[in-house]
Amino acid sequence: MKREESLHQFLTEPIYCILGEALCLGRGNIETARQVIDAGVKVIQYREKHKSWREKYAEASQIAAMCHKAGVTFIMNDSVDLAIACGADGIHVGQDDAPYSFVRRLAGPDVLIGVSTNTIDEIKGAIADGADYVGFGPMYPTQSKKDANDVVSDEAIRYALTQNDMPLTCIGGVGPENMAHLYKEGFRSFAMISSIISQPDIGAAVRHMRDILSRAAQEG
């Protein structure tokens, strides 16, 4: 999938699913990805911190192939080499990972690149670098990421919602209990881990969240 197509999908699909096997209720990443795709989610990120390179490559290659067949944008977390090796549509990097300029040079012009941000300065930095989108958070306390930053400040939220130079997805404690509030504040993309992959019925969970967003949109 070309960068423009991936970015369009990011902009039009409100649900952004992040995979992590430890939270998949024993299903494994590949089966979980299959259920997420079947649920109609169009943006999936693979995030594994503790598996070997070969283990991650074996899984990510299969998931990337599934995503490409289904027309789903597949994003690799952190690893530029893994993203290139498995043919990912995008790469998501954190503040401590390789800088955007280096990732772009290695990945080439057709790969979507996102950057994690927590502060106004980090958002400004991502914009200045030319990243395609930012992940912004955590919005709320979360147990899904053990290395999560502090919850974003009200000032950073105001800035994130008023800048028009960079699409963003909010992350961190996001789920059905707060999505309507976040939507009414102005957020349009919601990155989630446990609210999707830790649910017994992923399809039902995704449908429920789409209903919440649909009602929020109707209410203005």
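Residues numbered from 1 in each chain as written. Predicted model: local features only at pLDDT ≥ 70, side-chain atom pairs only at ≥ 80, totals over all residues. Heavy atoms only, no water.

Visitor: What is the right way to look at helix α7 (residues 154-162) in this model?
Guide: At 3.6 residues per turn, the α-helix brings residues three or four places apart onto the same side. Inspection of α7 places A156, I157 and A160 among the buried residues, and these make up the whole buried set. Across the axial projection of α7, the buried residues extend over an arc of 100°, all falling on one side. Away from its buried face by more than 90 degrees, α7 exposes D154, E155, R158 and T162. Buried residues belonging to α7 abut α6 (120-129), β6 (133-136), β7 (168-171) and α8 (179-185). (Buried < 20%, exposed > 50% of the residue type's maximum accessible area, 1.4 Å probe, protein only. Helix = DSSP H or I, 4+ residues; strand = E, 2+ residues; numbered from the N terminus. Arc of directions from axis to C-beta. Contact = heavy atoms within 4.5 Å.)

Visitor: Looking at this structure, I do not really get the nonpolar core. What am I missing?
Guide: Soluble globular proteins: nonpolar side chains tend toward being buried together. Counting residues in each nonpolar core, the largest one holds 71 residues, and the members touching the most others are F74, M76, F136, M139, F187, F190 and I196. Among the elements that take part in this core, helix α10 (residues 202-219) stands out by supplying six residues, more than any other. (Core = buried A, V, L, I, M, F, W, Y, C linked by side-chain atoms within 4.5 Å.)

Visitor: How do you make sense of the packing of helix α2 (residues 29-38) against helix α3 (residues 53-70) when you look at a structure like this?
Guide: In a packed pair of helices, the relevant descriptors are the angle between the two axes and the axis-to-axis distance. At a minimum axis separation of 10 Å, α2 and α3 run at an interaxial angle of 15°. As the angle between them shows, α2 and α3 are arranged roughly parallel. For the pair α2 and α3, the sense of crossing is right-handed. Residue-level contacts link N29, I30, A33, R34 and I37 of α2 to E59, Q62, I63, M66, C67 and A70 of α3. (Axes fitted to C-alpha atoms, helices over the stretch in contact; angles between N-to-C directions. Parallel < 35°, antiparallel > 145°, perpendicular 65-115°, else oblique. Left-handed = near helix turned anticlockwise from the far one by under 90°.)

Visitor: Would you take a moment to explain the pairing of strand β4 (residues 90-93) for this structure?
Guide: Remark: a regular strand shows side chains that alternate across the two faces of the sheet. Residues of β4 alternate between two faces, with G90 and H92 on one and I91 and V93 on the opposite face, all of them buried. Pairing of strand β3 (residues 73-77) with β4, which is carried by three bridges, proceeds in the parallel orientation. By the bridge assignment, M76 is partnered in β4 with I91. Once you follow β3 into helix α4 (residues 80-86) and on to β4, the crossover reads as right-handed. Sheet topology places β4 next to strand β5 (residues 112-117); four bridges connect them, and they run parallel. For V93, the partnering residue across the bridge sits in β5 and is V115. As for the winding sense of the linkage, the β-α-β connection from β4 through helix α5 (residues 100-107) to β5 is right-handed. (Pairing = 2+ DSSP bridges. Right-handed = clockwise from strand over helix to strand, strands pointing away.)

Visitor: Mind showing me how you'd approach the packing of aromatic side chains here?
Guide: How two aromatic rings sit relative to each other is given by the distance of their centres and the angle of their planes. Applying the stated criterion across every chain, the model contains five aromatic pairs. Pairing F10 with Y133 gives two aromatic rings, centres 4.5 Å apart and planes at 35°, and the pair type is tilted. Placement of the pair is F10 in helix α1 (residues 3-12) and Y133 in strand β6, with a sequence separation of 123 residues. With relative accessibility at 3%, the residue F10 sits in the buried group. Ring geometry for W53 and Y57: centres 5.4 Å apart, planes at 15°, overall stacked. Linking W53 with Y57, this pair stays in helix α3, spanning four residues, or about one helical turn. By the ring-pair criterion, three or more aromatic residues cluster together here, those being F10, Y16 and Y133. Stacked on the ring of Y183, the Lys or Arg R188 has its end atom at 3.6 Å from the ring centre. (Phe/Tyr/Trp six-rings, centres within 6.5 Å; stacked < 30°, edge-to-face > 60°. Lys NZ or Arg CZ within 6 Å of the ring centre and 35° of its normal.)

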